[in-house]
Structure formats: C-alpha cells, structure tokens
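# Analysis of the macromolecular model
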Amino acid sequence: MKKEKKRVPRRNTLFFKYFANTMAIIVVTIVAIAVVFLIFLANYWTGTSVDNLQRNVLSVSNTAGDLFKSGKAERENAESNLILCNSLTMVSNAIDADVFMTNLNGDIILCKDLLNSNMEVVNQGECVIHEGFTMPQRILLSTGVDGYYTMDTLDGLYDDLSIVVGTGIYYNNSCIGYIYAVTSVSSGLGPYISGMTRMFFGASVISIVVALIMAYIFSYGLTKPLQDMARITHQYARGDFSQRIKFRGNNEITDLAKALNEMAESLAVLEDSRKSFVANVSHELKTPMTSIGGFIDGILDGTIKEEESKFYLKIVSKEVKRLSTLVVTMLTLSKIEAGEAELKHSDTDMNNLLFNALLSFEKSIDESKIQIQGFEDLPAVKIKADEKMLYQVAYNLFDNAVKFTNEGGKIIVKMEDEPTKVTVYISNTGRGISKEELTRVFERFYKVDKSRSEHVMGVGLGLNLAKNIVELHGGEIHVTSVENELTTFSFWIPKK
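Residues numbered from 1 in each chain as written. Predicted model: local features only at pLDDT ≥ 70, side-chain atom pairs only at ≥ 80, totals over all residues. Heavy atoms only, no water.

The next subject is the pattern of salt bridges. Tallied over the full model, the rule gives six salt bridges. When the shortest N-O distance is used, the salt bridge between D347 and K384 registers 3.1 Å. Here D347 is found in strand β6 (residues 345–349), whereas its partner K384 is found in strand β8 (residues 382–386), with 37 residues between them in sequence. Among the salt bridges present, the one from E471 reaches K467, with a minimum N-O distance of 2.8 Å. Of this pair, E471 and K467 both sit in helix α11 (residues 462–472), four residues apart, roughly one helical turn. (Salt bridge = Lys/Arg side-chain N within 4 Å of Asp/Glu carboxyl O. Helix = DSSP H or I, 4+ residues; strand = E, 2+ residues; numbered from the N terminus.)

Moving on to the packing of aromatic side chains. Evaluated as defined, the whole model comprises nine aromatic pairs. Plain terms: the ring middles of F355 and F375 are 6.0 Å apart, the flat faces sit at 85° to each other, and that makes the pair edge-to-face. Taken together, the residues span a long stretch of sequence, with F355 in helix α7 (residues 350–359) and F375 in the loop between β7 (371–373) and β8 at a distance of 20 residues. Summarising the aromatic geometry, the rings of F442 and F489 are spaced 6.0 Å apart at their centres and angled 90° between planes, so their arrangement reads as edge-to-face. Of this pair, F442 sits in the loop between α10 (435–438) and α11 while F489 sits in strand β12 (residues 486–494), placing them 47 residues apart in sequence. (Phe/Tyr/Trp six-rings, centres within 6.5 Å; stacked < 30°, edge-to-face > 60°.)

For the rest of this paragraph, the subject is the pairing of strand β4 (residues 162–171). With respect to burial, β4 is a largely interior element, eight of its 10 residues being buried. For β4 and strand β5 (residues 174–184), the ladder comprises 10 bridges, and the chain directions are antiparallel. Residue I163 lies in a different strand from β5, and its bridge partner there is T183. (Buried < 20%, exposed > 50% of the residue type's maximum accessible area, 1.4 Å probe, protein only. Pairing = 2+ DSSP bridges.)

Contact geometry for α7 and helix α9 (residues 387–404): axes closest at 9 Å, N-to-C directions at 45°. Here α7 is positioned oblique relative to α9, judged by the angle of their axes. For the pair α7 and α9, the sense of crossing is right-handed. For the pair formed by α7 and α9, the contact residues are M350, L353, L354, N356, A357 and L358 on the first element and E387, L390, Y391, A394, Y395 and F398 on the second. A per-class count over the contact of α7 with α9 returns 10 nonpolar, one polar and one charged. (Axes fitted to C-alpha atoms, helices over the stretch in contact; angles between N-to-C directions. Parallel < 35°, antiparallel > 145°, perpendicular 65-115°, else oblique. Left-handed = near helix turned anticlockwise from the far one by under 90°. Contact = heavy atoms within 4.5 Å. Nonpolar A, V, L, I, M, F, W, Y, C, P; charged D, E, K, R; others polar.)

Below, the discussion takes up the confidence of the model for the chain. On average, the chain scores 78 in pLDDT, and the residues at 70 or more come to 84%. Per-element mean pLDDT across the chain ranges from 71 in helix α2 (residues 78–95) up to 94 in strand β10 (residues 421–429). Low confidence marks residues 450–456, where pLDDT is under 50. Its contacts with residues over four positions away, or in another chain, come to 13 contacts. (pLDDT = per-residue confidence, 0-100.)

This part covers the sheet that holds strand β9 (residues 410–417). Sheet architecture is open: five strands sit in the order β7-β9-β10-β12-β11, paired in mixed fashion. Taken across any chain shown, the strands that pair with only one partner, and hence form the sheet edges, are β7 and β11 (476–482). On average, each strand axis in the sheet is tilted by 15° relative to the strand beside it, whichever way the strands run. Of the strands in this sheet, β7, β9 and β10 are in contact with α7, which crosses β9 at around 165°.

A word on the side chain of T143. With respect to the helices and strands, the residue T143 is situated in the loop between α3 (137–142) and β3 (148–152). For T143, a relative accessible area of 9% puts it in the buried group. Among the polar contacts made by the side chain of T143, one reaches the main-chain carbonyl oxygen of I139 at a distance of 2.8 Å. Among the polar contacts listed, one links the side chain of T143 to the side chain of Y180, at a separation of 2.8 Å. In this structure T143 touches Y148, G166, T167, G168, Y178 and Y180, once residues within four positions along its chain are discounted. (Polar contact = N/O pair within 3.5 Å; in protein donor to acceptor, adjacent residues only side chain to side chain.)

Counting through the fold element by element, Y149 comes out in strand β3. For Y149, a relative accessible area of 41% gives the class partly exposed. Each residue touching Y149, except ones within four places of it in the same chain, is listed here: V50, I163, V164 and V165.

Sheet strands associate in pairs through backbone hydrogen bonding, adopting either a parallel or an antiparallel arrangement. Strands sit in the order β2-β1-β5-β4-β3 across an open sheet of five strands; the sheet is antiparallel. The open sheet has two free edges, formed respectively by β2 (108–111) and β3, since each of these has just one partner strand. Direction aside, the axes of adjacent strands within the sheet are offset by 30° on average. In the packing of helix α4 (residues 185–237) onto the sheet, the strands contacted are β3, β4 and β5, and the crossing angle to β5 comes to about 45°.

A few words now on the nonpolar core. Ranked by size, the top nonpolar core spans 46 residues in total, and within it L354, I383, L397, F398, M415 and F491 carry the most contacts. With eight residues, α9 is the largest single contributor of residues to this core. With near-sequence residues (within four places) excluded, F491 lies in contact with V393, L397, V422, T423, V424, V470, E476 and I477. By size, the runner-up hydrophobic cluster in this structure holds 25 residues, among which are M101, V165, V185 and L189. (Core = buried A, V, L, I, M, F, W, Y, C linked by side-chain atoms within 4.5 Å.)

So, on to a positive patch on the surface. A grouping of K310, K314, K318 and K363 is seen on the molecular surface, where their side chains present a positively charged patch. Of the residues forming the positive patch, the biggest block, three residues, is contributed by helix α6 (residues 306–337). Note that K363 resides in helix α8 (residues 362–367). (Patch = residues over 30% accessible without salt bridge, like charges linked within 9 Å, V, L, I, M, F, W, Y side chains within 5 Å. Areas by Shrake-Rupley, 256 points an atom, 1.4 Å probe, with all protein chains shown as cover. Lys, Arg positive; Asp, Glu negative; His and termini not counted. Charge placed at Lys NZ, Arg CZ, Asp CG, Glu CD.)

Put into structure tokens, the structure is as follows:
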C-alpha cells in the first residue's frame, strides 16, 4: 500500500499578514473614531437641547411673571389660564417638548394639553395626562432662578429617560411656581444619531475602500523586494551568483538588498577563487607527483641509468620540498584562521632575517642577472617577534619579487627604524601590477594576470600568508605599483 504523503499546510505570506494587519488597524481606528464620534454627538445634542429648553422655559417664566403682576394668578381665571396655556402650547410645539407649570408643592396646574386645536379649554380644565402627578421634591429643591436640568423619568410619568429642565416663576423677588420642559432622550437623540451615523457610515465605507486599495499597494510594495530577495537567494544557494536584487529608495529593506548584493559579489569572487584554487592546487600537486613517480619508477626499473640517478633524485628532492612548502603554507593559514597560531617571541635581528631569506633565491637571482640594492644601507634593528614567521613573510615577498623582476632588473631593499615600529620595503622592477589587481593581490588563491606570469609557479597563497602573519603581529602590509616601472611591498611590525 502506497504511503500517503503528508500534506504541509500553506503558510501565511508576509504580504497577507501586512495587508490583514493594516486593514485591522484601519477598522479598529474607524470603530474607535465612531465611538468617540457618537459620544461627542450625544453630548452635543444634550447640550444643545438643554440650552434650547432653558431659553424657552425662561420665556414662559417671564410671561407667567408678567401675568402674576396683574393679580390674575388664580387657576379659575380663564383669561390668564388661556394666555399661559397658549404660551405653553406654542413653546411645546416649537421645541417638541412637554412644557407645564407647577405650584410650589409640585402640583401641575397648567400644561399644553388643556387646549385643543381651536385654542379652547378642554376636559373642564383638567389634564388627563398630568392630573394627580406631583413633581418629586428632589426636582423642586434643585430648581432655582438660574435654571436646572437633569436626566430623569419623573417617577414613571415618562416611559423613557428624559431631559428635565426647570426654572422658577418669580414675583416680588419670591418664587411662586415653576416652569418645566421635558423631552425624551430616545425620541430626540435617536433620529439625530441615526442621521449622523448614516453619514458617518457612508464616509467610512468610502474611506475603507480607499484604505483597502492603499493598503494593498503599500503591502505589495513592501513585500515585493522581500519576495525578490527570497527568489534570488535561492539561486545563490544553488551556486548561481549572477543575479542581483533591484531596489529603490533608502531604507532598511534597501540596506538589506545592498548587503545581499555585496554578499553575492563576495561569494562570486570566493567561488571563482575556490575553482581557481582547486585547479591550481590540483595542477601543483599533480605535476610534481607525476614527475616524482616517473623518476622513481625509472630508477627502480633501470630505465634511468645508475650514474644518472643522482641527478634525477635531486629533482625529486626539489619537488618534494615544493610540495612540503605548499602543505605547510596551507596548514599555517588554517591555524591562523582558527585562532590556533601562537607567536613565539624572541629577539629578532631584522638584517640577518632579510639577508638569509634573500639567500634562498641566490641561484634564481644569478640566472636572471638581478641586481640587489639597499642592503648596505640597512640600519641595525632588533625587535621582539616570532622569527620563523617573519622569515616566512620575508621569504614570500622576496619570492614574489624574484618571480616578477625583469631579466637584468633590480630588487631594492629598504628599512626604516622608528621609535615604536620598524618598516620594511621590498621593491622590484618589472611589468608591475595594474590598479584593478592591486586591490586583490593579498586575496587567497588569487594570481596576477596569467599572461604576465606564465612561467611563474604557485597557487596564490604566499602573499595572503604574509598578510596574515604581519597582522597577527599587530602590523600592516601594503603594496604600490607603477606599471612597467616599480612595484613595492611594505610591511611594518611593532617593536614590542
């Protein structure tokens, strides 16, 4: 039975997360604005309603006060009642509120419901709505000349919570009654909020649509470079470093894109160096091994005569030494990189060190008729350093100089003795090094233009090893070159 492959759930993309989060923030923001907006509307409507009610109850209060000045304050006075009820009716209709008058005990004595549409008193002056109702003492005690308002149902007189606004009726500086105006919160605030909510909802829908489009564009623009980076880095993982990430702007994402491009360039250079190193090392190992094997086999099977064996054994010895040097160099570099190399400081005579290193190339110097200059002017300098490692630096620099000096050319040695350091200069005439190659000569496995050095053997490790040893001592190494004239390698080492 075939085993069913486990299905991996699709992960949420970064684009979806950005888009969803942005939309969630927009929706939450609109809801928060809506809540604040509704609270503001409710407070605004309440304040406006209270102001409107207060103005009108004051107007009715003034009218009632004028009537009481005439002495017609009794309820049975038809003319006075008609005028007051008419005023209460007009104000009630104008502000859509229940406006009525009470005595000092809180009994309702006049209201808008005592008149019909023809302005005639009905029900024999009895209000079926307010009859028998007495204004609660808490309301009466709070009502004064400056006006008063509260939210109340007046002990069940009204079904809904209502705004109650009242003021006193004053005659000869004494309160003789009260005027109250009552309007329902739900019947007034409800339609007002409903209308404003419809407008807000319409504006919100348009805003959300616009925000939806903008969030999509923003999320896509933000994640597109990341998608490109992911795609291109997959190519890097497969060993293809030819692609580069395109970017615009100057932000964290473009910094990441730049870093990835720089990494790709470095990896491409490293890959080229690795391929070159493998090819060079393979060649450097194969050629001497083939020669060694061939010469030894020839000696053993008698192909090479016994009197000639010594000559070929010298060649074998030379090739073995070259192989040994290559292996030692690679091991030394590995130790330095791993942090395992330990400096064994001792009193080091720089003159003797440079002279002994140069003697190793005496035969090559004589064959190429190279002139050596500067040794006679070198100051006597002794420093604390690892003599064997510094010898390797001098050996590698002289090896490089001898290889690239033109026949009949010159190698010039110079040394500067300073209070805290000593600087060595090794210069040679020849074709020199181009500006493009100057920045790479200390790279591992790098070799100068092959057309300039077809006769030169090596895998491009000598200068890199010299650089690592000098830096391990706390110094620096540099190179300058004028093509077809002079190339100078210099390094300085601290005396302590």
